[in-house]
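Residue strings, one per chain:
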Amino acid sequence: MTTSARVLVATAVPAERDAVARAFPEPGEEVRLPGAVLFRTTTAGAGPSGTTAGAGPRRSAAVIDLLAAGVGPARAAASTGAALTAAALAGTPYDLVVSAGIGGGFAPGAPLGSLVVADAITVADLGAETADGFLPVTELGFGTVTHRPPESLVRAVTEATGARTGTVLTVSTVTGTAARAAALRARHPRALAEGMEGFGVAEAADTQGAPVLEVRAISNPVGPRDRAAWRIGDALAALTAAFGKFAPALESWRSV
């Protein structure tokens with residue numbers, strides 16, 4: 001028997017969560033858990049009507065749990081971990097975890113309003129400063145600095161949305177100078193976007209053995225802070241549109 005895929009989508013703030021929710025027409029419900037509050041909906045009625053282009057009939061609607069996990073990698077990891085643990089204890093583990101939201105884009109690869117799907121989720125500032133420069137924590141003999149989403153899922157989402165694909169960096173301090181932006185690009189030449197939660201969400205997913213995806217709609221350039229140039233509303237609209245377009249990929253995704 002085919003069962004519905006279960007997907008946890010973690011955003012930083014309620015505005016991002018609500019932007020994702022607008023992609024799914026089905027009425028949702030609030031689910032309160034110890035340490036987390038979810039908004040539960042489904043992909044029924046989202047995306048192309050009835051069929052997926054080139055893929056035949058749509059599968060069963062996926063269950064989508066939306067979580068405003070908090071700002072920064074630590075809070076995002078804690079909130080995501082709470083939701084994942086509750087689902088596992090209930091016997092309904094998630095098939096996929098998605099970190100989603102708006103973020104900064106590295107020019108010229110990720111202009112304002114564009115969408116970036118991570119093929120690598122990398123923490124950019126976990127490590128040590130030395131006289132010779134920054135050393136990632138892995139070069140100190142600890143932990144990990146990168147999680148890689150499933151290639152097939154990255155490809156499906158990219159084809160559905162026309163998104164750019166590359167590394168999305170996670171930082172605890174948002175970049176605010178041209179010098180910092182240049183330094184990050186020098187260390188991570190494939191970086192297209194910067195956010196504050198992706199790696200934390202990915203770490204939580206990894207503890208439960210769940211695959212992870214990160215999707216960022218670009219609201220501002222990475223570099224000097226110029227609030228007048230930010231396009232937050234446009235980025236939130238792009239996030240809504242993206243989830244509507246790749247709803248079929250969520251329905252068909254299974255980790256096993």
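These remarks concern the structure in this document. Fair warning: this is a prediction, and the values are worked out from it, not measured in the lab. (Residues numbered from 1 in each chain as written. Predicted model: local features only at pLDDT ≥ 70, side-chain atom pairs only at ≥ 80, totals over all residues. Heavy atoms only, no water.)

## Things to note about the side chain of Asp95
Just so we agree on the cut-off: Each helix corresponds to a stretch of at least 4 residues labelled H or I by DSSP, and each strand to a stretch of at least 2 residues labelled E; elements are numbered beginning at the N terminus. A simple rule labels every residue: compare its accessible area, found with a 1.4 Å probe on the protein chains alone, to the largest value its type can have, and call it buried under 20%, exposed over 50%, or partly exposed in between. For the purposes of these results, a polar contact is taken to be a pair of N or O atoms within 3.5 Å, where, inside protein, one atom must be able to donate a hydrogen and its partner to accept one; residues adjacent in sequence count only when each atom of the pair is a side-chain atom.
Among the structural elements, Asp95 can be located in the loop between α2 (73-89) and β7 (96-105). Owing to a relative accessible area of 9%, Asp95 belongs among the buried residues under this scheme. In this structure the side chain of Asp95 is engaged in a polar contact, spanning 2.8 Å, whose partner is the backbone nitrogen of Arg6.

## Topic: the layout of surface pockets
Just so we agree on the cut-off: Two kinds of site are reported from a 1 Å grid over the protein atoms alone, namely cavities, where a 1.4 Å probe fits but cannot get out, and pockets, open sets with protein on both sides within 12 Å along at least five of seven lines, and residues are called lining when an atom falls within 4 Å of a point. Grid points are joined across faces, edges and corners, and a volume is the space filled by probe spheres set on the points. Each residue gets one of three labels, nonpolar for Ala, Val, Leu, Ile, Met, Phe, Trp, Tyr, Cys and Pro, charged for Asp, Glu, Lys and Arg, and polar for the others, Gly among them.
Roughly 500 Å³ of internal volume is contained in the largest pocket. Ile102, Gly103, Val174, Ser219 and Asn220 are, among the 25 residues lining the largest pocket, the residues nearest its centre. Among the secondary structure elements, those contributing two or more residues to the lining of the largest pocket are α1 (14-21), β7, β13 (191-195), β14 (212-221) and α6 (232-245). For the lining of the largest pocket, the leading source of residues is β14, giving four residues. Here the residues of the lining of the largest pocket sort into 13 nonpolar, seven polar and five charged.

## Some thoughts on the nonpolar core
Put simply, the test is: Residues belong to a common nonpolar core when they are buried Ala, Val, Leu, Ile, Met, Phe, Trp, Tyr or Cys residues joined through side-chain atoms within 4.5 Å. Contact definition: two residues touch when any of their heavy atoms are within 4.5 Å.
Counting residues in each nonpolar core, the largest one holds 36 residues, and the members touching the most others are Val9, Val98 and Phe243. Here this core takes six residues from α6, the largest share from any one element. When near neighbours in sequence (up to four residues on either side) are disregarded, Val9 contacts Val20, Ile64, Asp65, Leu66, Leu67, Val98, Ala100 and Phe243. If you look at the next biggest cluster of nonpolar residues, it comprises 32 residues, including Tyr94, Ala110, Val137 and Val145.

## Some thoughts on helix α3 (residues 151-161)
Just so we agree on the cut-off: In this context, the arc is that of the directions from the helix axis out to the C-beta atoms.
Burial in α3 covers these residues: Leu153, Val154, Val157, Thr158 and Thr161. The buried residues of α3 occupy an angular sector of 130 degrees when projected down its axis, which confines them to one face. Exposed positions of α3 whose direction lies more than 90 degrees from the buried face are Glu151 and Glu159. Packed against the buried residues of α3 are β7, β8 (115-123), β12 (164-170), β14, α6 and α7 (247-252). The positive-phi residue at the C-terminal boundary of α3 is Gly162, with phi of around 75 degrees.

## Considering the pattern of salt bridges
Worth spelling out the cut-off: Criterion for a salt bridge: a side-chain nitrogen of Lys or Arg within 4 Å of a carboxyl oxygen of Asp or Glu.
By the definition in use, this model includes seven salt bridges. The shortest N-O distance in the salt bridge between Arg17 and Asp18 comes to 3.0 Å. For Asp18, a relative accessible area of 32% translates into the label partly exposed. The partner of Arg32 in a salt bridge is Glu30, and the shortest N-O contact between them spans 3.1 Å. For Arg32, a relative accessible area of 63% corresponds to the exposed category. Its relative accessible area of 51% is what places Glu30 among the exposed residues.

## Here we look at the side chain of Glu194
For the record, the criterion: Positive charge is attributed to Lys and Arg, negative charge to Asp and Glu, and no charge count is given to His or to the chain ends.
Along the chain, the position of Glu194 falls in strand β13. Buried charge Glu194 goes without a salt bridge, the closest partner of opposite sign being Arg180 at 5.3 Å. There is a polar contact of 2.5 Å between the side chain of Glu194 and the side chain of Thr175. Every residue in contact with Glu194, bar those within four places of it in the chain, is listed here: Gly103, Gly104, Phe106, Leu169, Val171, Val174, Thr175, Leu184 and Val222.

## A look at the packing of aromatic side chains
We count it as follows: Only rings of Phe, Tyr and Trp enter the pairing, Trp through its six-membered ring, and a pair is recorded when the two centres are within 6.5 Å. The plane angle decides the type: under 30 degrees is stacked, over 60 is edge-to-face, the rest tilted.
Counted under the stated rule, the structure contains two aromatic pairs. For the pair Phe24 and Phe243, a centre-to-centre distance of 6.4 Å together with 80 degrees between the ring planes defines the contact as edge-to-face. Here Phe24 is found in the loop between α1 and β2 (29-33), whereas its partner Phe243 is found in helix α6, with 219 residues between them in sequence. For the pair shown, Phe24 and Phe243 are each scored as buried. Judged by centre distance (4.7 Å) and plane angle (45 degrees), the rings of Phe243 and Phe246 are tilted. For Phe246, a relative accessible area of 0% gives the class buried.

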